[in-house]
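Inside the fold
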Amino acid sequence: MREAREVFFVDGVRTPFGKAGPKGQFWRTRADDMGVKAVRELLRRNPEIEPERIGDVVLAATAQVGDQGLTLGRDVALLAGIPQSVPGFAIDRMCAGALTAVTAGAGEIALGACDVVVAGGIEHMGHHPMGADVDFNPRFVAERLVDTSAVTMGATAENLHDAFPGLTKEDADRFAVESQRRATAAWENGVMAETVVPMAVFTDAGWRVADRDEFLRPDTSRESLATLRTPFRAGGRVTAGNSAGLTDGATAALLASAAAAEALGLTPKLRLVGFAYAGVEPHLMGLGPVPATKRVLEQAGLTLDDVDLFELNEPFAVQVLTWCDGVGVSPDDERLNPYGGAIACGHPLAATGVRLVAQLAYGLRERRGRYGLTALCIGMGMGAAVLWENVQ
């Protein structure tokens, strides 16, 4: 019986994240072209990789229609100039799309089907709003398979507040302010320069360079957040200020086996230790990362004390707070999202996972940590957690 091969994260990049809609910087940019930019930059930064050496291109999208509907892995690979001999495919696990692309590609490497894989995700939420062109099966409601609130992410966040009444709106706002503060500092300190790829875009005012996340709000305060309306429920606790905005963006990562990395002269950043996906009640989908985190730590024989850095997605502040409550990590723990998160930069659904991994690699290097965890919740009641070891 053959043994599974080790898998390494070599590099990861992303476009700046833009506001979805006509006022956003990517409104006149195709979704697949955002992916092309990320993949081309990944290959430019790693010239040791001969494009024909790539074994597969795996790209995720939640809305697989329109300009992100043509088997993205193959579509973007051809547009990026990767040889026709290199295959590609698209996947969907909603918010965990890019992380699932990474673990799917890792599986190909582990079993010897490939030596090198490009993996990532794309989401143009301006062109493809959540739920558009989706025909929900009426049995979900008629047979009470899921609560009707499960299909509205903001409503699921309000459900979390209901389930955890000790987690108040004030707690969520406090976390959101800190996310903005940390993200602003990360941009000022050059943290993002390693992972964010400037991109030329066409706008109503002509060509310009998109080089910054559009949701960054350095002047955010708890006082300003307290005045925002609660769109998902009258008198609710979820606002635009303590949530991630609707976002456009793309990410791409390079994975390799140990043998390929050595043969090509690559310098990996992280070793994949393990990963886990879990299901929870769909109307409480934000709880998903809790069982996923516990499961992957158990696989690896590690505890939370062994983990030096956590990169957790922030679709809603309350979701992060419930993860903290569920696994026993303080929201103020310096290991948690030191460079801010989606509340400050945005969450382009299927693209986010690689952002988390790239920031984790940077943080583990700077902090000289050993183990790091990337985790996020997933629509319709799921969670993902991936454990990494720093090899820098």
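This write-up is about the structure you can find in this document. Just so it is clear, the structure is predicted and the values come from calculations on it, not from any experiment.

**What about the pattern of salt bridges?**
- Summed over all chains, the structure comprises 22 salt bridges.
- Residue aspartate 333 is joined to arginine 335 by a salt bridge in which the shortest nitrogen-to-oxygen separation is 2.9 Å.
- Its relative accessible area of 17% is what places arginine 335 among the buried residues.

**A short note on helix 6 (residues 169-188)**
- Between the first and last C-alpha of helix 6 there are 29 Å, a value that for 20 residues agrees with the 28 Å anticipated at 1.5 Å per step.
- Just past helix 6, the residue glycine 190 takes up positive phi, approximately 85°.

**Quick look at helix 2 (residues 72-79)**
- Buried within helix 2 are the following residues: Leu72, Gly73, Asp75, Val76 and Ala77.
- The elements touched by buried residues of helix 2 are helix 1 (31-45), strand 3 (56-60), strand 4 (88-91) and strand 5 (116-124).
- Positioned one or two residues after helix 2, glycine 81 has a phi angle of 90°, which is positive.

**What to know about the packing of aromatic side chains**
- Within the structure shown, the criterion is met by five aromatic pairs.
- With 6.1 Å between their ring centres and 65° between their planes, phenylalanine 9 and tryptophan 388 make a pair best called edge-to-face. In this pair, phenylalanine 9 sits in strand 1 (residues 7-14) while tryptophan 388 sits in strand 12 (residues 382-390), placing the two residues 379 residues apart along the sequence. As far as burial versus exposure is concerned, phenylalanine 9 and tryptophan 388 are alike and both buried.
- Above the plane of the ring of phenylalanine 17 lies arginine 14, whose end atom (NZ or CZ) is 4.4 Å from the centre.
- Geometry around tyrosine 277 places arginine 93 over its ring, the cationic atom sitting 3.7 Å from the centre.

**Details of the packing of helix 5 (residues 153-163) against helix 10 (residues 317-327)**
- Axis separation between helix 5 and helix 10 bottoms out at 9 Å; the angle between their running directions is 40°. Considered as vectors, helix 5 and helix 10 are oriented oblique to each other. Read as a crossing pair, helix 5 and helix 10 show a hand that is left-handed. Contact residues: Ala157, Leu160 and His161 in helix 5; Val318, Gln319 and Thr322 in helix 10.
- Broken down by class, the residue content of the contact of helix 5 with helix 10 amounts to three nonpolar, three polar and no charged.

**Comments concerning the side chain of glutamine 319**
- Locating glutamine 319 in the fold gives a position in helix 10.
- Beyond its immediate sequence surroundings of up to four residues, glutamine 319 is in contact with Leu160, Gly286, Pro289, Asn313 and Cys377.

**Description of the pairing of strand 10 (residues 307-312)**
- In terms of residue burial, strand 10 counts as a mostly covered element, since five of its six residues are buried.
- Judged from the five bridges that link them, strand 10 and strand 11 (residues 371-378) form a sheet pairing that is parallel. Looking across to strand 11, one finds that leucine 309 is bridged to glycine 372.

**A word on the nonpolar core**
- Judged by nonpolar contacts, the single largest core of 36 residues is most densely connected at Val39, Ile49, Ile54, Val57, Ile82, Val116 and Ile122.
- Those elements that place two or more of their residues in this core are strand 1, helix 1, strand 3, helix 2, strand 5, strand 6 (199-203), strand 8 (247-257) and helix 8 (258-264).
- The element contributing the most residues to this core is helix 1, with seven residues.

**A short note on the pairing of strand 12**
- Within strand 12, eight of the nine residues are buried, which leaves it mostly tucked inside the rest of the structure.
- Pairing analysis gives nine bridges linking strand 9 (residues 270-279) to strand 12, with the strands arranged antiparallel. Pairing of arginine 271 across the sheet is with glutamate 389, part of strand 12.
- Bridging between strand 11 and strand 12 involves eight bridges; their strand directions are antiparallel. When the sheet's bridge partners are listed, glycine 372 is paired in strand 12 with tryptophan 388.
- Between strand 11 and strand 12, which follow one another and run antiparallel, lie three residues, and methionine 380 among them has a positive phi close to 65°.

What counts and how
Residues numbered from 1 in each chain as written. Predicted model: local features only at pLDDT ≥ 70, side-chain atom pairs only at ≥ 80, totals over all residues. Heavy atoms only, no water. Salt bridge = Lys/Arg side-chain N within 4 Å of Asp/Glu carboxyl O. Buried < 20%, exposed > 50% of the residue type's maximum accessible area, 1.4 Å probe, protein only. Helix = DSSP H or I, 4+ residues; strand = E, 2+ residues; numbered from the N terminus. Expected span 1.5 Å × (residues − 1). Contact = heavy atoms within 4.5 Å. Phe/Tyr/Trp six-rings, centres within 6.5 Å; stacked < 30°, edge-to-face > 60°. Lys NZ or Arg CZ within 6 Å of the ring centre and 35° of its normal. Axes fitted to C-alpha atoms, helices over the stretch in contact; angles between N-to-C directions. Parallel < 35°, antiparallel > 145°, perpendicular 65-115°, else oblique. Left-handed = near helix turned anticlockwise from the far one by under 90°. Nonpolar A, V, L, I, M, F, W, Y, C, P; charged D, E, K, R; others polar. Pairing = 2+ DSSP bridges. Core = buried A, V, L, I, M, F, W, Y, C linked by side-chain atoms within 4.5 Å.

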